[in-house]
Amino acid sequence: MPDRSCSKLLRALLPLLAATGCDGCPSSKPYTPYTLGSATPAGSPPPLSGVAPGAADAGPEAGAGDQDAAAPPRFAVVPSVPAPAGGKQWPLEGGAVVAAPTGRTFEAGLLLDADGDGARDLVAWARSPDGLRGELLFAPAARPQALRTLAALPGDLAAQGCAPRVGLSQIGPSALTFDFAPQCGDPQRAASAGATRWIAVLRLPGAGAPPELALELRLRTPPPEEALSASLEVVDRDADGRDDLVVSVGLAGALRPFSAPHPSPAPKGAAAELRAPLVFLDRPAGLSRDAAQPGETLRGLAASLLRDARGKSTAPSVAAAAQRLRRLHAVLCADAAGGGGASAGRDAARAGEALVWTGVGPVRCAEPGLAAAIDHAEAVAASTRGAPLAAVAALDRGGAEPPAKEDARLLAKLAPPATAAAVYRTAAAPQPAGRGAFGPLAFEASGALLVRTAQGVVRVDPAASTESATDVPPWPAAVHAGPAELVAVERRCDAPTLLALFRSSPDAVGEMEVPLPLLRAQGPRARAGTASPERCAGTEKLPFSPLAASESGFDIALGAALVSIDLRAAAPTSSALSFPLTTPAPRGAPRSPDGATLAVPAAGGLLVATAGGAARLWSGGDLAQATACAPANGGARVACVVGAAAVIFEAK
């Protein structure tokens, strides 16, 4: 008979999410967390019942409680047993028999005193022949034929071609958990099909009352490179004599093309698995959320990143750790940038929104400043390791919001402001270039400017104020790497990262995709009219600047973020690119003839950076309307398309 010294676990169906393991309150020690399973990258089937003593899911502080000899023993998880042969009947003590409902077969069950009358009742999972429908049933020992449905499997969980795997266990004196996990074989298909794990927690109120559903939790299958795990803990968090519940959701692995987590020692954010808590406390009026979580843990992880960002030895690991913390935030929180949450069920799965929901909807964590804190830590780390462009790229992710004072100070240090003044406006009209194409302007080493027009290439000598036709062949606007052509960079609702699209050949049907090392919420974003982070705006074409193209692939800039796309492997890959670039500078790229100076739109201005020199952020004049900019050697001059002319600027 379950121990009734701990009172009610939960009272009503309410949302729940993730929580780190904890040793509870001073007067109460936790039970061993029950692991609901961690789907490993590559899609290995997760364990669905039982947990080893001292399991790692116990959290960072649980070990301290283990050393207290006076602490009560941990609750030993009681797994279900398989149904008797055939699954049509389940015998109880005393010779009574429980018959499965018509069209259902018992699969697994628990025999325990669930209603507190001293006799062992049956709580069992009864499924349809295909296993994709079913109910959790309760049969009291006193009236075994009076079957009661405790919870029915939601009808929108079944993914085509996936077989279910279930687990039913008692995880605390007054708590049962049921886990329904679709097993789809191919993890990529599972993720694209929206396969969703459903977890139901039941409380045992006792005093003659039947079990009741306390909460539902849904975990959608992540991309195959990631793993999403969950562990449950019954613990009196606030020492009020009532059992509370903690669910710890962990995220492991790394999206393609991000690097895998670093081994220890490394920053906290680079640990093998990240966890963040959301805690609900049992109150007389019902379940009440602890407002401190998960924000406290997420802020703590961001603060840890900032500490590591200031250290020479730890700063190189911060960028990868920052991406993983952003990803955890998006997976858990519907109000995270890129997390989504505007829809539910299959619609939400197609929209690529948060991966964790409760029975009443997605979870909102109310941490609007977290993304900026992570960006700041990454910028400080880039500055520490001497990468000013990477630092500016991190600071330039705030969308329409103005930068915080500390970010503004750091930006002014990394790229001091400069006022641009026009010194020459051409009569020659540059040939229009589409988004992501090589522009119509290119400086020569002599300082003369070449302008590609509809009639040919014109050479402009600003010192002599002359413009003349040349025999220089016009350079192409399209960005080609051998037979492949870079078509676009997109932000899409169904992809967690930005995507580069290219055609493998001029006559290719359709486009190929390459994930970029920027999460969906990163990259260039309109300064006005930015979509709410809780809603995805469909497919968005992003502005980018081609920096180089060769047989091996492309180098591009999305604002100050530099990316290399390698097409040599069977599966094209991408990676962050360091400045200065080593590839030759093609005409029409936002680079100087010697390739050492770069001019890209960033942080509300034009970032002009020269290898071995200082970066500066140009603004003023007509730069706000300028496009297709190209710098001269040394970066003293920049030419841009403004309206129907090319304008040469100098910084004052």
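Residues numbered from 1 in each chain as written. Predicted model: local features only at pLDDT ≥ 70, side-chain atom pairs only at ≥ 80, totals over all residues. Heavy atoms only, no water.

### Observations concerning the packing of helix α7 (residues 388-395) against helix α8 (residues 405-414)
Then, in step 1: The interhelical angle for the contact between α7 and α8, taken along N-to-C directions, is 150 degrees, at an axis separation of 10 Å. For the element pair α7 / α8, the angle class is roughly antiparallel. Relative to α8, α7 is oriented so that their crossing is left-handed. Residue-level contacts link Pro388, Ala391, Val392 and Leu395 of α7 to Asp407, Leu410, Leu411 and Leu414 of α8.
Then, in step 2: Grouping the constituent residues of the contact of α7 with α8 by class yields seven nonpolar, no polar and one charged. (Axes fitted to C-alpha atoms, helices over the stretch in contact; angles between N-to-C directions. Helix = DSSP H or I, 4+ residues; strand = E, 2+ residues; numbered from the N terminus. Parallel < 35°, antiparallel > 145°, perpendicular 65-115°, else oblique. Left-handed = near helix turned anticlockwise from the far one by under 90°. Contact = heavy atoms within 4.5 Å. Nonpolar A, V, L, I, M, F, W, Y, C, P; charged D, E, K, R; others polar.)

### Quick look at the packing of aromatic side chains
Then, in step 1: Inspection of every chain in the model, using the stated rule, returns four aromatic pairs.
Then, in step 2: Clustering of aromatic rings is evident, with ring pairs tying together Trp125, Phe178, Phe180 and Trp198. (Phe/Tyr/Trp six-rings, centres within 6.5 Å; stacked < 30°, edge-to-face > 60°.)

### Considering the pattern of salt bridges
Then, in step 1: A full pass over the atoms with the stated rule returns 24 salt bridges.
Then, in step 2: Among the ionic pairs, Arg203 bridges to Glu212, the shortest N-O distance being 2.4 Å.
Then, in step 3: Here Arg203 falls in the buried class, since its relative accessible area comes to 3%.
Then, in step 4: Salt bridges here are not isolated pairs; linked through shared partners, they connect Glu490, Arg492, Asp494, Glu513 and Lys541. (Salt bridge = Lys/Arg side-chain N within 4 Å of Asp/Glu carboxyl O. Buried < 20%, exposed > 50% of the residue type's maximum accessible area, 1.4 Å probe, protein only.)

### Considerations on the confidence of the model for the chain
Then, in step 1: Looking at the chain as a whole, its pLDDT mean stands at 82, while 79% of the residues score no less than 70.
Then, in step 2: Across residues 1-32, where pLDDT falls below 50, the model places 142 contacts with residues more than four positions away in sequence or in other chains.
Then, in step 3: Taken as a whole, residues 526-534 scores under 50 in pLDDT and shows 23 contacts with residues more than four places along the chain or in a different chain. (pLDDT = per-residue confidence, 0-100.)

### Structural notes on the state of the cysteines
Then, in step 1: The full count for this structure, using the stated rule, is two disulfides.
Then, in step 2: Here Cys333 pairs with Cys365 through a disulfide, and the sulfurs are 2.0 Å apart. On the sign convention where negative is left-handed, the bridge of Cys333 and Cys365, at about -85 degrees about the S-S bond, is left-handed. Within this pair, whereas Cys333 is found in the loop between α4 (318-332) and α5 (345-351), its partner Cys365 is found in the loop between β20 (361-362) and α6 (370-384), the two being separated by 32 residues in sequence.
Then, in step 3: With a relative accessible area of 0%, Cys333 lands in the buried category.
Then, in step 4: According to the relative accessible area criterion, Cys365 is buried, its value standing at 4%.
Then, in step 5: Here Cys629 pairs with Cys640 through a disulfide, and the sulfurs are 2.1 Å apart. Since a negative S-S torsion denotes a left-handed disulfide, the Cys629-Cys640 link at about 110 degrees is right-handed. Taken together, the positions of Cys629 in strand β38 (residues 627-631) and Cys640 in strand β39 (residues 637-642) put the pair eleven residues apart, joining distant regions of the chain. (Disulfide = S-S within 2.5 Å.)

### Some words on the sheet that holds strand β19 (residues 356-358)
Then, in step 1: The seven strands lie next to each other as β2-β10-β11-β12-β13-β19-β20, forming an open sheet whose pairing is antiparallel. Strand pairing shows two members of the sheet lacking a second neighbour, β2 (78-79) and β20, which therefore form its edges.
Then, in step 2: As paired strands, β2 and strand β10 (residues 163-172) are joined by two bridges and run antiparallel to one another. Bridge assignment links Val78 to a residue of β10, and that residue is Gln170. (Pairing = 2+ DSSP bridges.)

### Focus: the pairing of strand β11 (residues 175-183)
One face of the sheet, then the other: side chains in a regular strand alternate in exactly this way.
Then, in step 1: Extensive coverage of β11 is indicated by the burial of eight of its nine residues.
Then, in step 2: The pairing of β10 with β11 spans nine bridges and is classified as antiparallel. The residue bridging Ser169 from the neighbouring strand is Thr177, located in β11.
Then, in step 3: Between β10 and β11, which pair antiparallel and follow one another directly, the connecting turn spans two residues.
Then, in step 4: As defined by bridge partners, β11 adjoins strand β12 (residues 196-203) across six bridges and the pair is classed as antiparallel. What sits directly across from Thr177, in β12, is Val201.

### Overview of helix α3 (residues 295-309)
Then, in step 1: With 15 residues, α3 should cover 21 Å at 1.5 Å per step; its first-to-last C-alpha distance of 21 Å lies within 8% of that length.
Then, in step 2: Among the residues of α3, Gly295, Thr297, Leu298, Leu301, Ala302, Ser304, Leu305, Asp308 and Ala309 are the ones counted as buried.
Then, in step 3: Buried residues along α3 sit in contact with β16 (273-276), α4 and α6. (Expected span 1.5 Å × (residues − 1).)

### A few points about α4
Then, in step 1: With 15 residues, α4 extends 21 Å between its outermost C-alpha atoms, agreeing within 8% with the 21 Å of an ideal straight helix rising 1.5 Å per residue.
Then, in step 2: Taking burial as the measure, the 15 residues of α4 include 13 buried ones, the bulk of the element.

### Topic: the sheet that holds strand β32 (residues 553-558)
Then, in step 1: If you walk across this open sheet you meet the four strands as β31-β32-β33-β34, and the pairing is antiparallel. Among the strands making up the open sheet, the edge pair consists of β31 (545-550) and β34 (573-576). Mean inter-strand twist for the sheet, computed between neighbouring axes without regard to direction, equals 20 degrees.
Then, in step 2: Across five bridges, the pairing between β31 and β32 is antiparallel.

### Section: the nonpolar core
Then, in step 1: Leu486, Leu516, Phe554, Ile556, Leu558, Ile565 and Leu607 are the most contacted members of the largest nonpolar core, which totals 91 residues.
Then, in step 2: Apart from the residues within four sequence positions on either side, Leu516 is in contact with Pro257, Phe258, Val489, Thr497, Leu498, Leu499, Ala500, Ile556, Leu558, Val563, Ile565 and Ser574.
Then, in step 3: Within the second largest apolar cluster, 20 residues are counted, among which are Leu110, Val123, Ala151 and Val166. (Core = buried A, V, L, I, M, F, W, Y, C linked by side-chain atoms within 4.5 Å.)

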